[in-house]
Amino acid sequence: MRWTRKLQLVIPALLVITACGAPESPQAQNAPTTVPDKPSKPVELNVLDVAGNLQLTQGMIDEFVKANPDFVSKVNYTKATAPDMPGKLKAEQNSGTSQTHLVLTGTDGLSSVIEQKLVYELLPGFSAKLPDLEKTYLPPAWEMQKLAQGQGVAVTYYPAGPLLEYDPAKVPTAPTSPAELLEWAKAHPGKFQYARPANSGPGRTFLMGLPYLLGDSDPKDPEKGWDKTWAYLKELGQYVDNYPGGTTDVMKNLANGTSWMVASTTGWDINPRVLGSVPEGMKIATFKGFHWVTDAHYAVVPKGVSDDVLAANLALIKFMLDPKQQAKAYDKGYFYPGPAVKDVTLKMAPQESQDAIAKFGRAEYDKLIEDNPKETSLPAAQQVKAFQRWDREIGKK
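Fair warning: this is a prediction, and the values are worked out from it, not measured in the lab. (Residues numbered from 1 in each chain as written. Predicted model: local features only at pLDDT ≥ 70, side-chain atom pairs only at ≥ 80, totals over all residues. Heavy atoms only, no water.)

J.: Would you mind showing me how to read the packing of aromatic side chains here?
T.: Each aromatic ring pair is characterised by the separation of its centres together with the angle its planes make. All chains considered together, the criterion is met by 16 aromatic pairs. Measuring from centroid to centroid gives 5.1 Å for tyrosine 194 and tyrosine 243, while their planes differ by 65°, and the two rings are edge-to-face. Residue tyrosine 194 is located in the loop between β6 (192-193) and α8 (201-214), and its partner tyrosine 243 is located in the loop between α9 (227-237) and α10 (247-256); the two are separated by 49 residues in the primary sequence. Across the pair, exposure class does not vary: tyrosine 194 and tyrosine 243 are buried alike. Linked through ring pairs, Phe192, Tyr194, Phe206, Tyr243 and Trp390 together constitute an aromatic cluster. (Phe/Tyr/Trp six-rings, centres within 6.5 Å; stacked < 30°, edge-to-face > 60°. Helix = DSSP H or I, 4+ residues; strand = E, 2+ residues; numbered from the N terminus. Buried < 20%, exposed > 50% of the residue type's maximum accessible area, 1.4 Å probe, protein only.)

J.: When you look at the packing of α8 against helix α16 (residues 380-394) in this model, what are you seeing that I'm missing?
T.: For any two helices packed against each other, one specifies the crossing angle of their axes together with the interaxial distance. Running from N to C, α8 and α16 cross one another at 100°; their axes reach a closest spacing of 12 Å. Comparing the axis directions of α8 and α16 gives the class roughly perpendicular. On α16, the residues touching Arg204, Leu207 and Met208 of α8 are Gln383, Ala386, Phe387 and Trp390. Split into classes, the residues belonging to the contact of α8 with α16 amount to five nonpolar, one polar and one charged. (Axes fitted to C-alpha atoms, helices over the stretch in contact; angles between N-to-C directions. Parallel < 35°, antiparallel > 145°, perpendicular 65-115°, else oblique. Contact = heavy atoms within 4.5 Å. Nonpolar A, V, L, I, M, F, W, Y, C, P; charged D, E, K, R; others polar.)

J.: Help me out: how do you make sense of the environment of lysine 146 in this one?
T.: Residue position: lysine 146 is located in helix α6 (residues 139-146). Along the primary structure lysine 146 and proline 379 are separated by 233 residues, whereas in three dimensions their C-alpha atoms are 8.9 Å apart. One polar contact links lysine 146 to glutamate 143, side chain to side chain, over a distance of 3.1 Å. (Polar contact = N/O pair within 3.5 Å; in protein donor to acceptor, adjacent residues only side chain to side chain.)

J.: I keep staring at the nonpolar core and nothing clicks. Help me out?
T.: Generally speaking, soluble globular proteins have nonpolar side chains that are buried together. Within the largest apolar cluster, 111 residues are counted, with the highest numbers of intra-cluster contacts made by Phe192, Tyr194 and Leu233. Here the element with the most residues in this core is helix α12 (residues 307-320); it accounts for seven residues. Here this core gathers at least three residues from each of two domains, domain 1 (43-159 + 295-355) and domain 2 (163-289 + 364-394). In contact with leucine 233, not counting residues within four places along its chain, are Tyr194, Phe206, Leu207, Leu210, Trp390 and Ile394. Among the nonpolar cores identified, the runner-up in size contains 13 residues, and Tyr158, Val250, Leu254 and Phe335 belong to it. (Core = buried A, V, L, I, M, F, W, Y, C linked by side-chain atoms within 4.5 Å. Domains from an automatic or database assignment.)

J.: Would you explain the packing of helix α4 (residues 107-116) against α16 in this entry?
T.: Two numbers describe how α4 lies on α16: the axes approach to 8 Å, and their chain directions differ by 110°. Regarding the angle of α4 to α16, the classification is roughly perpendicular. Here Thr107, Asp108, Ser111, Ser112, Ile114 and Glu115 of α4 lie close against α16, whose contacting residues are Ala380, Gln383, Val384 and Phe387. When its residues are assigned to classes, the contact of α4 with α16 shows four nonpolar, four polar and two charged.

J.: Just to check I follow, could you spell out the domain arrangement of the protein for this structure?
T.: Assigned domains within the protein: domain 1 (43-159 + 295-355) and domain 2 (163-289 + 364-394). Inter-centroid distance (C-alpha atoms) of domain 1 to domain 2 is 26 Å. Taken together, the contact between domain 1 and domain 2 spans 27 residues of the former and 25 residues of the latter. With both sides pooled, the region where domain 1 packs onto domain 2 buries about 2,000 Å², and carbon together with sulfur makes up 58% of that total. Joining domain 1 to domain 2, the criterion identifies two salt bridges. Here aspartate 108 and arginine 204 are joined by a salt bridge, their closest N and O atoms 2.9 Å apart. At the surface where domain 1 touches domain 2, the tally comes to ten residue pairs in polar contact (both at pLDDT 80 or more). At the level of elements, α4, α6 and β4 (153-161) are the ones that each hand at least two residues to the side of domain 1 that touches domain 2. For the side of domain 1 that touches domain 2, a count of residues per class yields 13 nonpolar, eight polar and six charged. (Buried area = accessible area lost by both parts, 1.4 Å probe. Salt bridge = Lys/Arg side-chain N within 4 Å of Asp/Glu carboxyl O.)

Structure (structure tokens):
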């Protein structure tokens, strides 16, 4: 009788628990199947930039807010590093308060949020609220869009590198191959530098460009296809004093003479010289037979945001892909060229951008972009593995 009575008490309790179910974690949530065309009231957007993207797109966002006060009342901008961003989103979502509404990220942060399932899948579910992306994008930008796996939308694009940037007063003749770079680094220990790839566009471009130059078996497989690349980086590392946490420090070291040569990209070559943080007279060199590793910035929407915020984000992203807005991406050369969509010329850019690139751009870039193969960055899972192995085997010192 006692057991019967206990079961009579326990079974209803279990039924209640089963009916209610455990609360769904934000990481498990799917995007809403429908959202309104516009918010029910203007929203205040919190935008997090982990890629330096606001330098290219803040003008687009500010213009959207000005033109659409019924969508967005105010935008709050914050910045963080790509490695710190997933932890921030996860903490917010676990607490049930998604305070970050939109993230602007490069492929490094994109890889992390895809792997950890921290952002909504926007495509194909909301494709009707965006332009026809395949028809809108430049072909290499469309290839970069595929890397987002529907969980982000590319808003800027450039064929990044790998490039070498150097002080011609200290480096009369630049290396033209990885072997020559290794010999130069051996003869000038501590004078070549690149930043940690997980938080540096030039760093990861250098990392992902080497397999093509070294003839590795599979440039898209950092675990099994990069034997030559990992061996090369270990040998090169004997002559690299340290790996800064970001590209800004690398450029400071080039400017102050601590480094004589660094890994760079078109944007990191042009923009610091425009800003005066790197001397105007620095030169660039390319490796013979190199492949461009293309790069992009993406807009991603963290899980847990309201339907009104999601509606505002989708309208904003569509606005940012308009050719007139995309012309702002030329900026001061930070992501040169910058636009992700077709038929956006430098003549469409603000006069300030035209003047900066006329003075600090390089005539050879357009031909180099046209004449050399373009390869997408690694897909998300492979990129995470490449960064982890680099941190473990190369950057540990």
